Amino acid sequence: MTVVTRVAPSPTGDPHVGTAYVSLFNWAWAKRNGGRFILRIEDTDRARSRPEHEVQILEALAWLGIVPDESPAVGGPYAPYRQSERGALYAEHAQRLLASGRAYRCFCTSERLAALREEQKAAKADLGYDGLCRALDPAEAERRAASEEHVVRLAVDKAGTTRFIDLLRGEIVIENRTVDDQVLLKSDGMPTYHMANVVDDHLMGVTIIMRAEEWIPSVPKHVMLYDAFGWTPPTFAHVPLLRNADKSKISKRKNPTSLLWYREQGYLPEALLNFLALQGWRPDGDVELFDVDTFVERFEPSRISTGGPVFDLTKLDWVNGEKIRALAPGELARRLVSGGFAAGWTEERLLAVLPLFRERLVRLSDFADQARYLREAVEPCLDDLLPKIKKEDPGVVAAALAEAADLLEARAGQADEPREEALRALAASRGLKVGSLFMGLRVAVTGRGASPPLLPSIDLVGAAESARRVRELAARLVPAC
RNA sequence: GGUCCCAUCGUCUAGCCAGGUCUAGGACAGGUGCCUCUCACGCACCAGACAGGGGUUCGAAUCCCCUUGGGACUACCA
C-alpha cells in the first residue's frame, strides 16, 4: 500500500517551527516509501485564518526543502486542499451521521454552554456537554434546523472504552465517559477539526497520521467517527511536543517559534532540519550531523523517542556552524548574498574574504558585523585594547604603532611570514610584548580585540588604509599637546 | 478536578522492546590544557544522569506495581 502522509497546519499566524518539525517527519516518511505527502490547510476557523499565512507556510516549508506532492498551491487528485472550500463534503458526511443516529443537532446557545461549564467546574464534575439536545425528537430537530441556528454533535456512546494503537507508545485505552459529544459542524456550517480531519484523511487516502501528541486525548472521537462511517482508521503516530526550557509546550513568548525568524537569523535550512530531526530521532547511536538525504534514507517513525525535547538554540547554533563550515566557499557566498546577509558585497569579492570568516560564523547574520571593518573604519574599541596593554607605556605603544604603520606600508604585498618577523623584531626593539603590538594593530585596523588573523585582514583592508587607521589610533594613545 | 501521555548527565540522546557484554556511551553547553598575534576552528582531558520505593529474577537502566515529578487535553481553536 502506498504510504500517504500529511500535515495540516492552520493559517493563523507565522509559520511555526512545530509545523516544520511534524512536516519533516511526514515528508521524509512519504519520500522514503515512494509515497505522497499532502499539505492540507485547516482554515475552518474563519475568524483567525488569514490567506497570507497560508502563503507563508508554503514558502517556509519550501525554504526548508519540504515540498508537498499535493497542496492548495499545486493541487492534486483530491482537491481542494483548503478545508474552507470543502464545505459540501462535510455537510454531506454530517448528513450521513445524522441519518444513522451517530450525530444529532444541538440548539443550545453558547451562553447556556458557558453557564453549564461554570456549574460543572464549581461542582468539580467532569466537563462536557450534558446531552440536552440529544433527547430531542429527530423529526422535531429537523424542523427547527430549517430556521434555527444550531450545531451538529457526535453522539458518543459513553459506555466502555476506546482503544487504539499509537505507533510510538503501543495501545492506549481511554474511557468513553470522558469523551465529549464533540461539535462536528459549527453553526456557521464549517466543520471542526475532528470532523474535517477524519473525513479528509479518509478521502485523501492518508495511511498514517503523524502529528503532535497533544491530539492523543481526542483520538477516541476520531476512532468513533471512522467507525460511524464504516471506515478503517489509519495508523496513529503521535510525536512529542517541542518544549520551552520549563518543559511547557513551546510558545512564542519563551522561544522563537516563527520559521521566518530562523531564516532572518541566518540559520541554514539544512541546519534547522538536522537539528529538528535530532529532537527525538537519530540515525545511529553516535551520529548527530547528517544531511536530509541520509535522514530520508534512514528515518523510521517508530523510533522517534517519546520524551518531550526541550528546544535548545545553543545546539542549533552548533549545528549551524558545522553546516556553514561544510559549505563550499562559493555556495556560502551565494547563501550570504541571496539571503541578504552581505549587502553591498558581490559573490566574487566575498569569495576572497570568506576564508577569514567561515569558521567564525555561527549564523549567516554574523557576517555583516564581523566583516564591517573591511568596508569602513570601525571606531577602535579601547576597552578591548587598554586592559591588554596596561603594563606597557602608552607612549612606547604609540611610537611602536607609528613605526609599524610605516613598516606595513613599505612591505605591502609581501608574504605574511617576513612581515610578521619584522613586526616581532619591531616589538622587541621597543621592549614591547609581541601580543601588545599585535593587539594595538588589531584594534586599530578591525576596531575589535577579537578578529580574524591580522596580516590577511590588513591585506584586505589595504596597506595604506590600514596604516592610516594605525596612525590614528597611535595619535589617540598619546594626544599631541 | 477528571482523562491521557511522559520520566537516563544542565540540554539533545544511545542503551530498554528480545534483562547479564553498563564501574551507563556519544553530542551540545561548561571547565582545564594544547595550538596561537586575538577570536574562532581543531585537538586532548575533566566534571556531569538511570526520580524514589517495592516486586519478578541468580542478575534490572532494561520487565511489573506504587509513589513522586513533568506535560497535554478537558472550546461552535486547531
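Residues numbered from 1 in each chain as written. Chains lettered and ligands numbered in written order. Predicted model: local features only at pLDDT ≥ 70, side-chain atom pairs only at ≥ 80, totals over all residues. Heavy atoms only, no water.

Draft legend 1. Layout of the protein's contact with RNA strand B. Around RNA strand B, 68 residues are found, and the nearest of them are Glu288, Glu359, Arg360, Arg424 and Arg442. At the protein interface, 73% of the atoms of RNA strand B within 4 Å belong to sugar or phosphate. Within the backbone of leucine 278, a nitrogen or oxygen atom sits 3.0 Å from a sugar or linking oxygen of RNA strand B. Between RNA strand B and arginine 282 there is a distance of 2.8 Å, counted from a sugar or linking oxygen to a side-chain nitrogen or oxygen. (Near = heavy atom within 4 Å. Polar contact = N/O pair within 3.5 Å; in protein donor to acceptor, adjacent residues only side chain to side chain.)

Draft legend 2. Representation of the packing of aromatic side chains. Within this structure, the stated rule accounts for 22 aromatic pairs. Relative to phenylalanine 299, the ring of tryptophan 281 has its centre 5.9 Å away and its plane inclined at 65 degrees; by these criteria the two rings are edge-to-face. Of the two residues, tryptophan 281 sits in the loop between helix 9 (269-278) and helix 10 (292-298) while phenylalanine 299 sits in the loop between helix 10 and helix 11 (313-326), which places them 18 residues apart along the sequence. On the numbers, 5.5 Å between centres and 80 degrees between planes, the contact of phenylalanine 357 with phenylalanine 367 is edge-to-face. With phenylalanine 357 in helix 13 (residues 347-357) and phenylalanine 367 in helix 14 (residues 366-370), this residue pair connects regions lying 10 residues apart in the sequence. Summarising the burial analysis for this pair, phenylalanine 357 and phenylalanine 367 share the class buried. Linked through ring pairs, Tyr21, Phe25, Trp29, Trp281, Phe290, Phe295 and Phe299 together constitute an aromatic cluster. (Phe/Tyr/Trp six-rings, centres within 6.5 Å; stacked < 30°, edge-to-face > 60°. Helix = DSSP H or I, 4+ residues; strand = E, 2+ residues; numbered from the N terminus. Buried < 20%, exposed > 50% of the residue type's maximum accessible area, 1.4 Å probe, protein only.)

Draft legend 3. Broad picture of the sheet that holds strand 4 (residues 151-154). Pairing is antiparallel in the open sheet, where three strands are placed in the order 3-4-7. Sheet topology places strand 3 (103-106) and strand 7 (183-185) at the edges, where each strand pairs with a single neighbour. Strand-to-strand, the axes of this sheet are offset by a mean angle of 45 degrees, without reference to chain direction. Sheet topology places strand 3 next to strand 4; four bridges connect them, and they run antiparallel. Note on strand 4: the bridge partner recorded for cysteine 106 is valine 151. (Pairing = 2+ DSSP bridges. Axes fitted to C-alpha atoms, helices over the stretch in contact; angles between N-to-C directions.)

Draft legend 4. How the structure looks around the domain arrangement of chain A. The domains assigned to chain A are domain 1 (87-239), domain 2 (260-371) and domain 3 (382-477). When each unit is reduced to the centre of its C-alpha atoms, the spacing between domain 1 and domain 2 is 43 Å. The partner domain 2 presents five residues to the five residues of domain 1 that form the contact. Summing the contributions of domain 1 and of domain 2, the shared interface buries around 480 Å²; its carbon and sulfur component is 78%. Among the residues domain 1 hides against domain 2, the three largest losses belong to Leu167, Leu168 and Met210. Together they make up 69% of the total. (Domains from an automatic or database assignment. Contact = heavy atoms within 4.5 Å. Buried area = accessible area lost by both parts, 1.4 Å probe.)

Draft legend 5. Spatial organisation of the pairing of strand 8 (residues 208-212). Among the five residues that make up strand 8, five are buried, leaving the element largely enclosed by the rest of the structure. Pairing analysis gives five bridges linking strand 8 to strand 9 (residues 235-239), with the strands arranged parallel. Bridge pairing in strand 9 links isoleucine 208 to threonine 235. Since strand 8 and strand 9 lie parallel, the crossover through helix 7 (residues 219-229) that links them has a hand, and here it is right-handed. (Right-handed = clockwise from strand over helix to strand, strands pointing away.)

Draft legend 6. Representation of helix 4 (residues 110-122). The first and last C-alpha atoms of helix 4 sit 18 Å apart over 13 residues, in line with the 18 Å expected at 1.5 Å per residue. Along helix 4, the positions that sit buried rather than exposed are Leu113, Leu116 and Gln120. Buried positions in helix 4, seen along its axis, are confined to an arc of 60 degrees and lie on one side of it. Helix 4 presents Glu111, Glu118, Glu119 and Ala122 as exposed residues on the side facing more than 90 degrees away from its buried surface. Among the structural elements, strand 4 are those in contact with the buried residues of helix 4. Phi turns positive one or two residues past the end of helix 4, at lysine 124, with a value near 55 degrees. (Expected span 1.5 Å × (residues − 1). Arc of directions from axis to C-beta.)

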